Amino acid sequence: QVQLVESGGGLVQAGGSLRLSCAVARSSFSINSMGWYRQAPGKERELVAKISRGGNTNYADSVKGRFTISRDNARNTVYLQMNNLKPEDTAAYYCKVINPILGNYWGQGTQVTVSS
């Protein structure tokens, strides 16, 4: 059993910032891609950003220039720095990691609420 521990969500005013963290609670667990997804009420879960083990990144168009994904391979942790937040960023945010043999693992989700 592999547990992903997320933190950093909360309530913030539009224009503010938050930093999400997701740590894999097993130091020897091999990870390829790490990413953040979000799901707003009544909508499908969507990719926000992902990062390969080598550091290549991809972002949703809606967050480019505002969000930055990074990872610490030694700590098996992925971060999402979110700046200039907008009300439409309000959602539950989930991290996902991919093990090359065992497949996908998801975090429990952390709520981000941006007030106007």
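Higher on the page you've got the structure.
Conventions used here
- Residues numbered from 1 in each chain as written.
- Predicted model: local features only at pLDDT ≥ 70, side-chain atom pairs only at ≥ 80, totals over all residues.
- Heavy atoms only, no water.
- Helix = DSSP H or I, 4+ residues; strand = E, 2+ residues; numbered from the N terminus.
- Rg over C-alpha atoms; globule rule 2.2 N^0.38 Å.
- Buried < 20%, exposed > 50% of the residue type's maximum accessible area, 1.4 Å probe, protein only.
- Contact = heavy atoms within 4.5 Å.
- Areas by Shrake-Rupley, 256 points an atom, 1.4 Å probe, with all protein chains shown as cover.
- Disulfide = S-S within 2.5 Å.
- Phe/Tyr/Trp six-rings, centres within 6.5 Å; stacked < 30°, edge-to-face > 60°.
- Salt bridge = Lys/Arg side-chain N within 4 Å of Asp/Glu carboxyl O.

1. Observations regarding the overall build of the protein chain
Helix and strand counts for the protein chain stand at zero helices and eleven strands. When the helices and strands of the protein chain are placed in sequence order, the string is β-β-β-β-β-β-β-β-β-β-β. Relative to its length of 116 residues, the protein chain is compact, with a C-alpha radius of gyration of 14 Å against a globular reference of 13 Å. Judged by the C-alpha coordinates and their principal axes, the protein chain covers about 40 × 25 × 25 Å. A buried classification covers 41% of the 116 residues belonging to the protein chain. Considering only residue pairs separated by 6 or more positions, the protein chain has 53% of its internal contacts joining residues 24 or more positions apart. Counting only carbon and sulfur atoms, one obtains 45% of the accessible surface of the protein chain, whose full area is about 6,200 Å².

2. A few points about the state of the cysteines
Each disulfide is one covalent bond, formed between the sulfur atoms of two cysteines. This model, assessed by the stated rule, comprises one disulfide. Residue pairing for Cys22: its cysteine sulfur links by disulfide to Cys95, the two sulfurs lying 2.0 Å apart. Here Cys22, found in strand β3 (residues 18-24), pairs with Cys95, found in strand β9 (residues 91-99); they are 73 residues apart in sequence, far enough to count as distant. Residue class for Cys22 comes out buried when judged on its relative accessible area of 0%.

3. Thoughts on the packing of aromatic side chains
Tallied over the entire structure, the rule returns two aromatic pairs. Geometrically, the ring pair formed by Phe29 and Tyr105 is edge-to-face, given 5.3 Å between the ring centres and 90° between the ring planes. Of this pair, Phe29 sits in the loop between β3 and β4 (34-39) while Tyr105 sits in strand β10 (residues 103-106), and the two are 76 residues apart along the sequence. The exposure class of Phe29 is buried, given its relative accessible area of 4%.

4. Points about the pattern of salt bridges
Between side chains of opposite charge, a pair can form when the charged atoms approach closely. Tallying each qualifying case throughout the model produces five salt bridges. Put simply, Glu46 and Arg38 hold a salt bridge, and the shortest N to O gap is 2.8 Å. The exposure class assigned to Arg38 is buried, which follows from its relative accessible area of 7%. Among the salt bridges present, the one from Asp89 reaches Arg66, with a minimum N-O distance of 2.7 Å. Highlighted residues: Asp89 in the loop between β8 (77-82) and β9 and Arg66 in the loop between β6 (57-59) and β7 (67-72), separated in sequence by 23 residues. Note on accessibility: Asp89 and Arg66 belong to one class, buried. Bridged by salt links that share partners, the residues Arg38, Glu46, Arg66 and Asp89 form one connected network.

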